[in-house]
Amino acid sequence: MKKISSLLVFTLVNSVWGVVYGMIGPFYTLYIADKSGGMEKLGYAFSIMILVQAAASYYVGHYSDRLGRKPFLFAMAYVDAFVLFCYTIVDKTYQIYILQALLGLTNAVSMTIRGSLLADLTRADRRGSEIGRFNALVSVFTAAGFILGGYVAKYYGLKSIFYFGAIVIVCSTALLLFIRVPAND
């Protein structure tokens, strides 16, 4: 049996995650605005997320060079799933802010590790086309998630999207075990 490439597995995992985040995307902002207590507090919630993301990005990259990429991916996925679940049970503005900070941390991991791991998994002479194909596929699945999210919210309720997303993220993380990351030079 032919071995499945690590890039293909990574693309599959990110495509699944793309569906989840696409499903949640349009409703997440509305949900946060409602739970945080208004549009002005929504601005604070997103600012907290972005500032934590900015502060964490360098450290994530630095330590992923030392500790490897996969531990960060696992941690990011499990924390994301936890945060998605927690959005359905919190009811205070400060709780939303804490979840937004955690999401900022996981976004820093996602952005930094995704770029680094793509560079690790692609051939230098075809890096641009392979990363372009990766981004195209993940984007198509994210778009499908946007469409699916509307139906799930309509028929099963808004919270169901967060529960479903958390479960899918945790389950799909197992696929990361099949990724072989080349050793650093």
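Located above this text is the structure these notes cover.
Conventions we followed
- Residues numbered from 1 in each chain as written.
- Predicted model: local features only at pLDDT ≥ 70, side-chain atom pairs only at ≥ 80, totals over all residues.
- Heavy atoms only, no water.
- 1 Å grid on protein atoms, 1.4 Å probe; cavity = no way out; pocket = protein on both sides within 12 Å on 5 of 7 lines; lining within 4 Å.
- Points joined across faces, edges and corners; volume = space filled by probe spheres on them.
- Helix = DSSP H or I, 4+ residues; strand = E, 2+ residues; numbered from the N terminus.
- Phe/Tyr/Trp six-rings, centres within 6.5 Å; stacked < 30°, edge-to-face > 60°.
- Buried < 20%, exposed > 50% of the residue type's maximum accessible area, 1.4 Å probe, protein only.
- Contact = heavy atoms within 4.5 Å.

Just checking my understanding: could you explain the layout of surface pockets for this structure?
Think of a ball as big as a water molecule: rolled over the atoms, this probe shows where empty space is left. Empty space within the largest pocket amounts to approximately 520 Å³. Lining of the largest pocket is provided by 24 residues; of these, W17, Y21, D80, N107 and S110 occupy positions nearest its centre. Of all the secondary-structure elements, those providing two or more residues to the lining of the largest pocket are α1 (6–36), α2 (39–67), α3 (70–87), α4 (93–121) and α5 (127–156).

How do you make sense of the packing of aromatic side chains when you look at a structure like this?
Two numbers describe a pair of aromatic rings. These are the distance of the centres and the angle of the planes. With the rule as written, the count across this model stands at eight aromatic pairs. Relative to F162, the ring of Y31 has its centre 4.9 Å away and its plane inclined at 40°; by these criteria the two rings are tilted. A residue pair is termed long-range when its members are at least 10 positions apart, and Y31 in helix α1 and F162 in helix α6 (residues 158–172) qualify at 131 residues. For the pair Y31 and F162, a shared accessibility class is recorded, and that class is buried. When the ring of Y87 is compared with that of F162, the centres are 6.1 Å apart and the planes differ by 55°; the resulting orientation is tilted. With Y87 in helix α3 and F162 in helix α6, the pair connects residues that are 75 residues apart, well separated along the chain.

I keep staring at the side chain of T173 and nothing clicks. Help me out?
Turning to its location among the elements, T173 is positioned in the segment after α6. T173 gets classed as buried once you look at its relative accessible area, which sits at 0%. Discounting chain neighbours no more than four positions away, the residues touching T173 are W17, F74, A77 and Y78.

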